[in-house]
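Residue strings, one per chain:
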Amino acid sequence: MQYIRKITKKILPLYGLCPLLITFIVNCLAYGGAKLIAGNWKHYCMETVLDQRIPFLPWTLAIYLGCYLFWIVNYVIIAGGEREEVDRFFLADVMSRIICFALFLALPTTNHRPVISENGFWNLGMKFLYTVDSAENLFPSIHCLTSWFCFIGVRRRKGIPKWYRFFSAAAAVAVFLATLTTKQHVIVDVVGGVLLSEGCFFLSGCGKAAELYGKLMDALLSCFSSRREVKSRSAWKSYKRTAQKSGSEAFGKCKAGKKQQQI
């Protein structure tokens, strides 16, 4: 049991667990809350002529729904990264959801969905999707936003193989296309999702915003964990300073020893 706990903590440390849970909660509140509030408001369609020319491909439902697995895997990988990277990423994610909520209320959108008369596995799947997921909260596309965040979180991550970074980029683009070919979104929704993710990630790296967010996560985590389990930012910085100091001292001693040998 202890071995399993050690492996789990190595994959997903405690300092990454809390931001991961907060992201999930904020996402649900933003999406579901906007539907409850603006469900009966006037909605606007931003479909263009180009959108109308995009074919309806029911089989791309596999990509549209399969991306949930892609999200889970990448977000867990990202949550297991270096502390500073984790804080910056999840701050950007939460910021994007709050902005999405504001946009869903400020500009409620909808689109024109095709009438599916034929049967078949994929057509029945699309009918079910249209039944459970109403055409609301479209701009920006949370599907595209989250998929691009999955790429942002690994594109410069040390230790992640290049092939997986390329895969993450390709998977995100595949999701973009699937949102269009399932007629769940229009082009402007896709563009809005990508721009919002990049913008929030840029802002989260400015100043000490990510550091403050990390301290907030530590405070929340300390409410449910013992102090010994919480890897606080101050402890992390202290560890880094000690390691750097020890490394410098060792290097200095090594250099002095070489000089004595030469003499």
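Here is what the cut-offs are and how they apply
- Residues numbered from 1 in each chain as written.
- Predicted model: local features only at pLDDT ≥ 70, side-chain atom pairs only at ≥ 80, totals over all residues.
- Heavy atoms only, no water.
- pLDDT = per-residue confidence, 0-100.
- Contact = heavy atoms within 4.5 Å.
- Helix = DSSP H or I, 4+ residues; strand = E, 2+ residues; numbered from the N terminus.
- Polar contact = N/O pair within 3.5 Å; in protein donor to acceptor, adjacent residues only side chain to side chain.
- Expected span 1.5 Å × (residues − 1).
- Buried < 20%, exposed > 50% of the residue type's maximum accessible area, 1.4 Å probe, protein only.
- 1 Å grid on protein atoms, 1.4 Å probe; cavity = no way out; pocket = protein on both sides within 12 Å on 5 of 7 lines; lining within 4 Å.
- Points joined across faces, edges and corners; volume = space filled by probe spheres on them.
- Nonpolar A, V, L, I, M, F, W, Y, C, P; charged D, E, K, R; others polar.
- Bend = angle between axes of the 7 residues up to and from the residue.
- Core = buried A, V, L, I, M, F, W, Y, C linked by side-chain atoms within 4.5 Å.
- Salt bridge = Lys/Arg side-chain N within 4 Å of Asp/Glu carboxyl O.

## Points about the confidence of the model for the protein
In this model, the protein carries a mean pLDDT of 87, and residues with pLDDT of at least 70 account for 81%. Note on residues 1–5: pLDDT is under 50 here. Beyond four places in sequence and across chains, it has one contact. Considering only residues more than four positions removed or in separate chains, one finds that residues 227–232, a stretch of pLDDT under 50, has 13 contacts.

## So, the side chain of T109
With respect to the helices, strands and loops of the structure, T109 is situated in strand 2 (residues 109–110). One polar contact links the side chain of T109 to the main-chain amide nitrogen of F139, over a distance of 3.2 Å. Ignoring any residue separated from it by four or fewer positions in sequence, one finds T109 in contact with H43, Y44, M46, A135, E136, N137, L138 and F139.

## Details of helix 9 (residues 187–204)
Given a rise of 1.5 Å per residue, 18 residues ought to cover 26 Å, and the 26 Å separating the end C-alpha atoms of helix 9 matches this to within 8%. All of the buried residues in helix 9 are D189, V190, G192, G193, V194, L196, S197, C200, F201 and S204. Of the surrounding elements, those touching the buried residues of helix 9 are helix 5 (83–106), helix 7 (142–152), helix 8 (162–181) and helix 10 (209–222).

## Observations concerning the environment of V154
Within the secondary structure layout, V154 lies in the loop between helix 7 and helix 8. You can call V154 buried: its relative accessible area is 0%. Beyond its immediate stretch of four places on either side in the chain, V154 contacts N74, I77, I78, I160, R165 and S168.

## Considering the side chain of D133
Position of D133 relative to the elements: it lies in the loop between helix 6 (121–132) and helix 7. Here the side chain of D133 touches Y31 through a polar contact of 3.0 Å, side chain to side chain. Setting aside chain neighbours within four positions, we find D133 in contact with Y31, K35, Y64, R113 and Q184.

## With respect to the environment of A92
If you trace the backbone, A92 turns up in helix 5. As a C-alpha pair, A92 and A209 span 117 residues in sequence and 9.8 Å in three-dimensional space. Leaving out residues up to four positions away in the same chain, A92 has contacts with F149, C200, F201 and S204.

## Observations regarding empty space enclosed by the protein
Counted according to the given criterion, the structure contains one cavity of 30 Å³ or more. Counted as a void, the largest cavity has a volume near 50 Å³. Taken together, E47, D51, I54, N111, H112, L180, K183, H185 and V186 form the lining of the largest cavity. Looking at side-chain class alone, the lining of the largest cavity contains three nonpolar, three polar and three charged residues.

## Some remarks on helix 4 (residues 61–79)
For helix 4, spanning 19 residues, the distance from its first C-alpha to its last is 28 Å, which sits close to the expected 27 Å at 1.5 Å a residue. A maximum bend of about 30° is found in helix 4 at C67. Next to the buried residues of helix 4 lie helix 2 (14–38), helix 5, helix 6, helix 7 and helix 8.

## Observations concerning the nonpolar core
Counting residues in each nonpolar core, the largest one holds 47 residues, and the members touching the most others are Y75, F90, W148, F149 and F176. Of all the secondary structure elements, the ones that give two or more residues to this core are helix 2, helix 4, helix 5, helix 7, helix 8, helix 9 and helix 10. For Y75, the contacting residues outside a window of four places in its chain are L20, T23, F89, F90, D93, R97, T146, F149 and C150. With seven residues, the next largest nonpolar core counts L61, I116, M126 and L129 among its residues.

## Let's talk about the pattern of salt bridges
Under the counting rule described, the total for this entry stands at five salt bridges. Across the salt bridge formed by R83 and D218, the nearest N and O atoms sit 3.0 Å from each other. Of the two residues, R83 is situated in helix 5 and D218 in helix 10; the sequence distance between them amounts to 135 residues. Using a relative accessible area of 2% as the deciding quantity, one classes R83 as buried. Taking the shortest distance from any N to any O, the salt bridge between D93 and R97 comes out at 3.3 Å.

## Concerning the layout of surface pockets
Volume-wise, the largest pocket comes out at about 640 Å³. Residue lining of the largest pocket: 25 residues in total, with F24, N27, Y68, W71 and T146 positioned closest to the centre. Of all the secondary structure elements, the ones that give two or more residues to the lining of the largest pocket are helix 2, helix 4 and helix 7. In terms of residue count, helix 4 provides more of the lining of the largest pocket than any other element does, seven residues in total. Of the residues that constitute the lining of the largest pocket, the class distribution is 14 nonpolar, eight polar and three charged. Here the second largest pocket is characterised by a volume of approximately 240 Å³. Taken together, I78, G81, E85, V86, R88, F89, I152, G153, R155, R156, R157 and F201 form the lining of the second largest pocket. Here the element with the most residues in the lining of the second largest pocket is helix 5; it accounts for four residues. Among the residues forming the lining of the second largest pocket, the class breakdown is five nonpolar, two polar and five charged.

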